Amino acid sequence: MQVPLLDLKAQYATIKDEITTAIESVMESQYFINGPEVKELEKAVADYSDCAAAIGVSSGTDALLVSLMTLGIGVGDEVITTPYTFFATAGSIWRAGAKPVFVDIEPDTFNIDPSKIAAAVTDKTRAIMPVHLFGQMADMDSIMETAKKHNLFVVEDAAQAIGATYKGRKAGSIGTTGCFSFFPSKNLGGMGDGGMVVTHDAELADRLTQCRNHGSKPKYYHKWVGGNFRLDTLQAAGLIVKLRHLDEWSAGRRANAAKYDELFADFEPVTTPTIRDCNLTIYNQYVIRVPRRDELQAFLKDQGIGTAVYYPLSLHEQECFKELGCKRGDFPESETAAAETLALPVYPELTDEQIQYVAGKVKEFLI
Ligand SMILES: Cc1ncc(COP(=O)(O)O)c(C=O)c1O
C-alpha cells in the first residue's frame, strides 16, 4: 500500500470543476494584479477569522515581514519567538533588521512556553511572535498578558493554523496581527505561494495595504518604503473556492487524528499529540514522538509511507543565526522535540485502511 504524507491530487479531484471555473473567470478578465477576487478573498478570510480586515500578501513569510515592517520593528529591536518552528518565523524577524530572541517550548504542545517569556523581555523588546504549531494555538491569554504588561505587539504566526480556535477565538484574531500561509501543503493551500495578514485595527490595515505595494498611497506617492508583497488574483480565485471547503477538510483531519489516537492508545513507545481542552486544532500536521525516529522514518518509507520531520534542527542552532550566540543545550525542549518528532499522513482523504496500515507499521517497527 502507498500512503503519501499528503495527496493534493485527491483533494483537487473533488473540486476540479469549481477551480476551473474560477481560473477561467480570471483568465477572461485578464485582471491579474489586485483583481476583484483579491478583495473578495480578503473579505471572506476576515469574516472567517473574526477580524475587521484582511490583507492578501505574497506568502506567509511576507505576511510576517509586512507585519513587522508596518509596526516599525527593525534595527535595534528584539522580537521574542520560539526556536521550534519553520525557518520563516525567525527569518522574517532577521530580515526586518531585528533580533530574534528565543524562548523554549512546552514539551507537550510544542508551542512557546508562556511562563518563560517574561524573563526574555528587555528594554529592546518590541513584540512577541508566537507560532500556532501544527495547527494548535499557543497559550494566548498568558502571551497577551505579558505583552500588555510590557507594552509589546503580538504578531501571531498562524501560518499552520487558519480556522483553529483558542477558548473559542479564531487564530489570528487575538494579537496585533495574525499571519496566514497559503503554501500548497497548508489546510487552505493555494496553487503556489500566498499569504494573508488579519487585524482588528483599521488604521493598521491601511498601512499594511500600503506596505504590500511599495508603501504607496496615493499611487506613485511614497511616504515610506514597502515592497511588492501582493497576492495574485489567480491565487485568490482558487483560494475562494477552497475556503468554502476548509472546515470540512479540517474536521476530516481531526477525525483521522482521533483514529490514530485510538490505534496508539496504550502503545507506550508512541506519544500522541496533546491538544489542550481550550483548543480546537486543525491538525495541519499530526506529530508523534517516538524513539529511534530516523530509523522508523526509513522503515516507513520502505513500506510506502510518507512522513516528515518538522523540524530536524532548532532555529537557535542554525548556522545563519550563529552571531546570536546561542548554543546546544540552550533550549532543551526544542532540541529534544527536533530529535523525536515525526509527522504522519493525516490529510482528510485518507481511508481507514490507510490509517490502520500506517499505525500498524509504526507499531510493527517499535514493538
Ligand atoms: C510556522 C510557519 N511560519 C511561516 C511560514 C511561511 O509561510 P510561506 O511558506 O507561505 O512563506 C510557514 C510555512 O511554510 C510556517 O509553517
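Just so we're clear, the structure is a prediction, and the values are computed from it rather than from any experiment. (Residues numbered from 1 in each chain as written. Predicted model: local features only at pLDDT ≥ 70, side-chain atom pairs only at ≥ 80, totals over all residues. Heavy atoms only, no water.)

Examining the site of the ligand
So the rule is basically this: Near is defined per residue: the residue qualifies when any heavy atom it owns lies within 4 Å of the molecule or strand. Counting of polar contacts relies on pairs of N or O atoms within 3.5 Å, with two restrictions inside protein: one atom must be capable of donating a hydrogen and the other of accepting it, and residues adjacent in sequence are counted only when both atoms are side-chain atoms. In DSSP terms, a helix is any run of H or I states spanning at least four residues, a strand is any run of E spanning at least two, and both are numbered starting from the N terminus. Put simply, Ala, Val, Leu, Ile, Met, Phe, Trp, Tyr, Cys and Pro go in the nonpolar bin, Asp, Glu, Lys and Arg in the charged bin, and everything else, Gly too, in the polar bin.
Around the ligand lies a shell of 15 residues, among which G60, T61, D157, S181 and K186 are the nearest. D157 places a side-chain nitrogen or oxygen 2.7 Å from a nitrogen atom of the ligand. Side-chain polar atom of Q160 to an oxygen atom of the ligand: 2.8 Å apart, as the coordinates give it. Elements that contribute at least two residues to the shell around the ligand include exactly α3 (60-70) and α4 (88-95). Among the residues making up the shell around the ligand, the classes are represented as five nonpolar, eight polar and two charged.

Side note on the sheet that holds strand β9 (residues 195-199)
Test applied: Strands qualify as paired when DSSP identifies two bridges or more between them. The convention used is that axes are lines fitted to C-alpha atoms, helices contributing only their stretch in contact, and that angles between N-to-C directions extend from 0 to 180 degrees.
Read across the sheet, seven strands follow the order β1-β9-β8-β5-β4-β2-β3 without closing on themselves; strand pairing throughout is mixed. Only two strands of the sheet have a single partner each, and these edge strands are β1 (53-57) and β3 (99-102). Neighbour-to-neighbour, the strand axes of this sheet turn through a mean angle of 25 degrees, independent of strand direction. Here strand β5 (residues 153-157) runs beside strand β8 (residues 177-181); their pairing, made up of three bridges, is parallel. If you follow V155 over to β8, its bridge partner there is T177.

So, the pattern of salt bridges
In a structure, side chains of opposite charge can pair up when their charged atoms sit close to one another. Formally: We define a salt bridge as a contact between a side-chain nitrogen of Lys or Arg and a carboxyl oxygen of Asp or Glu at a distance within 4 Å. Partly exposed describes any residue whose relative accessible area lies between the buried limit of under 20% and the exposed limit of over 50%, with all areas from a 1.4 Å probe on protein chains only and scaled to the type maximum.
Counting across every chain of the model gives 18 salt bridges. For K99, the salt bridge identified is with E78, shortest N-O distance 4.0 Å. On the criterion of sequence distance, the pair formed by K99 in strand β3 and E78 in strand β2 (residues 78-81) is long-range, its members being 21 residues apart. Given the relative accessible area of 8%, E78 is considered buried. In this structure, the salt-bridge partner of D294 is R293, at a minimum N-O distance of 2.6 Å. Counted as one network, the salt bridges with shared partners bring together E106, D108 and R276.

Things to note about α4
Stated precisely, the cut-off is as follows: A contact between two residues is defined here by any heavy atoms of the two lying within 4.5 Å.
Burial of α4 is extensive: six of the eight residues sit out of reach of the surface. Turning to α4, its buried residues number three or more, namely A88, T89, A90, G91, S92 and I93. Residues of α4 that are buried in the fold lie against α3, β2, β3, β4 (125-129) and β5. Residue G97 follows α4 closely and has a positive phi angle near 100 degrees.

Here's the deal with the environment of L296
As for its position among the elements, L296 is in helix α9 (residues 293-302). On the basis of relative accessibility, which here comes to 0%, the residue L296 falls in the buried class. Ignoring sequence-local partners within four residues, the contact set of L296 consists of V290, L342, V362, F365 and L366.

A word on the environment of L152
Topologically, L152 is positioned in the loop between α5 (140-150) and β5. Separated by 26 residues in sequence, L152 and R126 place their C-alpha atoms 5.1 Å apart. The contact partners of L152, leaving out residues within four places of it in the chain, are V121, T125, R126, A127, I128 and A147.

Some points on the domain arrangement of the chain
What counts is decided by this rule: Delimitation of the domains relies on an automatic or database domain assignment. When two components associate, each loses some accessible surface as probed by a 1.4 Å sphere; the sum of these losses over both components is called the buried area.
When its domains are assigned, the chain resolves into domain 1 (8-103 + 111-243) and domain 2 (246-366). Tallying the contact residues gives 37 residues for domain 1 and 33 residues for domain 2. In total, about 3,100 Å² of surface goes out of reach between domain 1 and domain 2, with carbon and sulfur atoms giving 62% of it. Area buried by domain 1 at its contact with domain 2 is led by Y84, F134 and N187, which between them contribute 25% of it. Linking domain 1 with domain 2 are zero salt bridges, by the criterion used here. Applying the counting criterion to the domain 1 and domain 2 interface returns 21 residue pairs in polar contact (both at pLDDT 80 or more). For the side of domain 1 that touches domain 2, the secondary-structure elements that each account for two or more residues are α1 (8-29), α4, β3, β6 (165-166) and α7 (233-243). Partitioned by chemical class, the residues of the side of domain 1 that touches domain 2 number 21 nonpolar, twelve polar and four charged.

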